[in-house]
Amino acid sequence: MPSAVPDSAVRHSGLPASVLSAQTIRERETFRGLTNPQAVTDTLPGPKYMREHVVDGKLRLTLQDAVVLTLANNSNVRLQELNIENSRYSLLASHSPFDPSVQASFSSQGQLSQAYTQLTGAPALGTLSSLNQVTQLNYSQTFETGTNIQFNFNATKYSSNSTFNFFNPSLSSFLGFQFTQPLLRNRWLFANRAPLVIARRNVRASRATFEAQVSSTIQQVVGQYWNVVQARGNLEVAQKSLDAAEATYKHDKRALELGALPPLDIYRSESQVAGRRVQVIQSEYALRQAEDAFRQNVGADLDPYFRALDLVLTEPPEPGEELRSVDAATAQQQAMGKRPELEAARQSLANDDTSIRLAHNNLLPDLRVNGNYSGNGLNNLATAQGVAAGGFGDSLNQLFGFGFPSYGFGLTLNLPVRNRSGQAALGSALISRSRDLYTERQTKEQITYDVSNAVHQLEEAKINIAASKESVDLARKTMAAEQRKYELGTGQIFLVLEAQTELAAAEQGLLQAEVSYRLAVAAVDYATGSLLEPYGVQIAELTR
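Since this is a predicted model, take the numbers as computed values, not measurements. In this numbering scheme, every chain counts its residues from 1 along its sequence in written order. This being a predicted model, a pLDDT of at least 70 is required before a residue's local features are given, and a value of 80 or more before pairs of side-chain atoms are given or counted; all residues contribute to the totals for chains, interfaces and linings. No hydrogens and no water enter the side-chain calculation; it runs on all heavy atoms of the structure.

A look at the environment of S160
Along the chain, S160 turns up in strand β6 (residues 148-160). Each residue's exposure class comes from its accessible area (1.4 Å probe, protein chains only) as a fraction of the maximum for that residue type: buried when under 20%, exposed when over 50%, partly exposed otherwise. The class of S160 is buried, set by a relative accessible area of 6%. Sequence separation of S160 and L128 is 32 residues, and the distance between their C-alpha atoms is 7.5 Å. For the purposes of these results, a polar contact is taken to be a pair of N or O atoms within 3.5 Å, where, inside protein, one atom must be able to donate a hydrogen and its partner to accept one; residues adjacent in sequence count only when each atom of the pair is a side-chain atom. Engagement of the side chain of S160 in a polar contact is seen with the backbone oxygen of S129, the distance being 3.0 Å. Put simply, DSSP H or I for four residues or longer makes a helix, DSSP E for two residues or longer makes a strand, and each gets a number counted from the N terminus.

Now the structure itself:
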C-alpha cells in the first residue's frame, strides 16, 4: 500500500518527494504555486489506505500502519495543516502593495448650444455643436525600493462647427511619466520588504508548529496502539485466570461428590469463578473502549464498514531488541537542536526584531522626491502650403517624438508634530519581543523537563521489566507447587486460588511494564524531537 500522505504537508519517505522546479521565490509565491488542491475542494475524502489492511474480514495493522493511517485520515491533523495554508495565503497577500494597476476609460460628451455672441465661432444666429471623446490609460506600480511610478496616456478627439478651430476634428494625445521616491520613511528595500519577510517567517513558523503537532499526534496514536495491545493482553490474562479457577472448581465439585471435600469448602472456589468472570467482563469493555479511541484516531470510524471490523494489532508488547539506553545530557542537547517548537520561537523573535526596525522607520519624517516628464501631440501636418489637419498617426508621431515636452520635479516633507500611533507601534513591538523571549525560555524549560522525565520513565520501565519477569517466573513456580500439593492432598484450596490470583497479577504487571517501556521509548523520541524518524515521516518542503 502507499505508505504516505500525498498532496499534503506530511509526507512519508516511502513515497518519492515532489521535485521543486528551479523557480524564483516570486514565481512560487503565486496563487497557483501556493494552493494545495485538497484545500480548495468542497468535499472531504473518505478513509485512505484502509482497505489494503483488511485480511480475513479483520483490520490488521502494525504500528507503522497505524501512524500512516492517522496522518492520512485524522481530522485533527488535517485541521492543523490548514493553518499552514492560511499562512501561505497571508504571504501571497503581502505581495499586494507591489501589484501593478492598470485603469482604462473612455468617455464621449456631445453638446448643442445657442450662439449668443460672435466669439463662439458658430454660424450667425445658428447653433454651436461640439463632440468631445476622451480615451485614457493609466498604469501605476510600487516597487520594493518604495519607488512609485505612473504612466498616463490620453487621446482626445474634439470636433465642433466653430469657425475658430484650426482643425476639425482635432486629435490630441498626451503621454506622461511620474515617479515618487521616499527618502527617509519607507525608503529603499528594508521597510518595503519587511511585510514579505515577516510573512515568509510566519510560513516557516507555522510549518514548525505543524511538525510539533504531527509529532504529538504520532505520540498519541502510539499510546493508543499500545493501550489496545495492553487491554487485549489483560483480557487474555483474565480469561486464563478464569479458566484456571473453573478447572479448580470442577476438581472441587468432583471431590465434593465423592465425599472427599467438606460441603462448605466448595464456596471458596465457586466465588473465585464468579469474581474472575467479572474481571473478564470488565476487561472486555475496557478493550472495546480502547479500540474505539484507536479507530477514531486512524480514521476507521469514517466508514461503517471499517468501523465494524475487528482489530488485529500485530506488534508484540515485549521488546524484541536490546533495551534502549539514553544519556540524559546528550538527549538534552539533541532536543535543543531538533524540537520544532524552538524553531517556531526563533522565527517569532526574528519577526519581532523586524517589527521593531519597521516601527523605528515609521517614526521618521516623510520626505519624498517626485519628478514628471510628459509629451504632447496634435494632428497638425506641415505641408508646402502651410499647416493642415492630419490624422491620429500624426498626433502620435509628435507625441513620441517629444517635440513639445513638459517636465518638473519637487520635494514633499510631511513632519508630524507628534506621532503617537508610531510610538505606540514601537512600544507594542518591544513588548512582543519581551513576550516571545519569555515564551522561548518557557519552551526550553518545558523541553528540559520533557527530556528528563522521559529518560527517567525509560530507566524505570527497564527496571520494571526485569523485576516483572522475575515475579512472573516465581508466581508460576508457586502456583505449580501449590497445585501439586493440593492434588496430593497435602495443600489447601485457598492457597491454590491465591497462587492463581498472584500469577495473573504478575502477568498483568509484566504486560504493563513492557507497554510502559514502549511508551517511554516514544516519549524519549518525542522529547528529543526525533519521533518522526522511526516511522519515516517527513514534513514536506514548503515555500520559503
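Now that the structure has been shown, we can carry on.
Notes on the environment of N165
Take N165: it is sitting in the loop between β6 and β7 (170-182). In what follows, a contact means two residues having at least one pair of non-hydrogen atoms within 4.5 Å. When sequence neighbours within four positions are dropped, the list of residues in contact with N165 reads Y158 and S160.

Section: the sheet that holds strand β3 (residues 58-61)
The strand order β2-β3-β8 describes an open sheet built from three strands, whose pairing is mixed. Of all strands in the sheet, those bounded by a partner on one side alone are β2 (54-55) and β8 (310-313). When DSSP locates at least two bridges between a pair of strands, those strands are taken to pair. In this structure, β3 lies alongside β8, joined through four bridges in parallel fashion. Paired with K58 across the bridge in β8 is D310. Sheet strands in contact with helix α7 (residues 266-298) are β3 and β8, and its direction is about 85 degrees off that of β8. Every angle, taken between N-to-C directions, lies between 0 and 180 degrees, and every axis is a line fitted to C-alpha atoms, over only the stretch in contact when it is a helix.

A look at the pattern of salt bridges
Salt bridge, as used here, is a side-chain nitrogen of Lys or Arg placed within 4 Å of a carboxyl oxygen of Asp or Glu. In this structure the tally under the stated criterion is 18 salt bridges. Across the salt bridge formed by K338 and E533, the nearest N and O atoms sit 2.3 Å from each other. Separated by 195 residues along the polypeptide, K338 in helix α9 (residues 328-338) and E533 in the loop between α13 (493-527) and β13 (537-539) bring together distant segments of the chain. We classify K338 as partly exposed; its relative accessible area is 30%. Among the ionic pairs, R339 bridges to E341, the shortest N-O distance being 3.0 Å. For E341, a relative accessible area of 21% puts it in the partly exposed group. Several salt bridges converge on common partners, so that one network encompasses K240, R476 and E507.

Observations regarding the confidence of the model for the chain
Predicted confidence across the chain gives a mean pLDDT of 83, with 88% of residues reaching 70 or more. A low-confidence stretch, residues 1-7 (pLDDT under 50), is modelled with 26 contacts involving residues beyond four sequence positions or located in other chains. As a per-residue measure, pLDDT tells how confident the predictor is, with possible values from 0 to 100. The model gives residues 12-27 a pLDDT under 50, and that stretch makes 18 contacts with residues more than four places away or in other chains.

A few points about the side chain of R518
Along the polypeptide, R518 turns up in helix α13. Residue contacts for R518: discarding those within four places in its chain leaves W226, P316, P317, E318, P319 and G320.

What about the packing of aromatic side chains?
Aromatic pairing here means that ring centres of Phe, Tyr or Trp (its six-membered ring) are within 6.5 Å. Orientation follows from the plane angle: under 30 degrees is stacked, over 60 is edge-to-face, and everything else is tilted. All chains considered together, the criterion is met by seven aromatic pairs. When the ring of F177 is compared with that of F179, the centres are 6.4 Å apart and the planes differ by 25 degrees; the resulting orientation is stacked. The class for F177 is partly exposed, based on a relative accessible area of 30%. Each ring, one from Y373 and one from Y407, has its centre 6.1 Å from the other, and the planes form 10 degrees; the classification is stacked. Here Y373 is found in strand β9 (residues 366-378), whereas its partner Y407 is found in strand β12 (residues 405-414), with 34 residues between them in sequence. Just above the ring of Y526 sits the side chain of R339; from NZ or CZ to the centre is 5.1 Å. Cation placement over rings: the criterion is NZ of Lys or CZ of Arg within 6 Å of the ring centroid and within 35° of the ring normal. For the cation-ring pair, R357 lies above F190, with the distance from its terminal atom to the ring centre recorded as 3.7 Å.

A short note on the packing of helix α10 (residues 340-362) against helix α12 (residues 420-487)
Taken N-terminus to C-terminus, the directions of α10 and α12 make an angle of 165 degrees; their axes are 9 Å apart at the nearest point. With respect to α12, the axis of α10 lies roughly antiparallel. Every pair of crossing elements has a handedness; the one defined by α10 and α12 is left-handed. Contacts between α10 and α12 involve E341, L342, A345, R346, S348, L349, D352, D353, S355, I356, A359 and H360 from the former and A425, L426, A429, L430, S432, R433, D436, L437, E440, T443, K444 and I447 from the latter. Each residue belonging to the contact of α10 with α12 can be placed in one class, and the counts come to 11 nonpolar, five polar and eight charged. Any angle that falls under 35 degrees is termed roughly parallel, while one over 145 is termed roughly antiparallel, one within 65 to 115 roughly perpendicular, and all others oblique. It is the rotation of the near helix from the far one that decides the hand of a crossing: anticlockwise by less than a right angle makes it left-handed, clockwise makes it right-handed. Just so you know the grouping, Ala, Val, Leu, Ile, Met, Phe, Trp, Tyr, Cys and Pro go in nonpolar, Asp, Glu, Lys and Arg go in charged, and all remaining residues, Gly too, go in polar.

Observations concerning the sheet that holds β9
Sheet architecture is open: six strands sit in the order β4-β5-β6-β7-β9-β12, paired in antiparallel fashion. Edge positions in the sheet fall to β4 (101-114) and β12, since each of these pairs with one other strand and no more. Across the sheet, the mean angle separating the axes of adjacent strands is 15 degrees when strand polarity is ignored. The pairing of β4 with strand β5 (residues 127-142) spans 14 bridges and is classified as antiparallel. Looking across to β5, one finds that L112 is bridged to S129.

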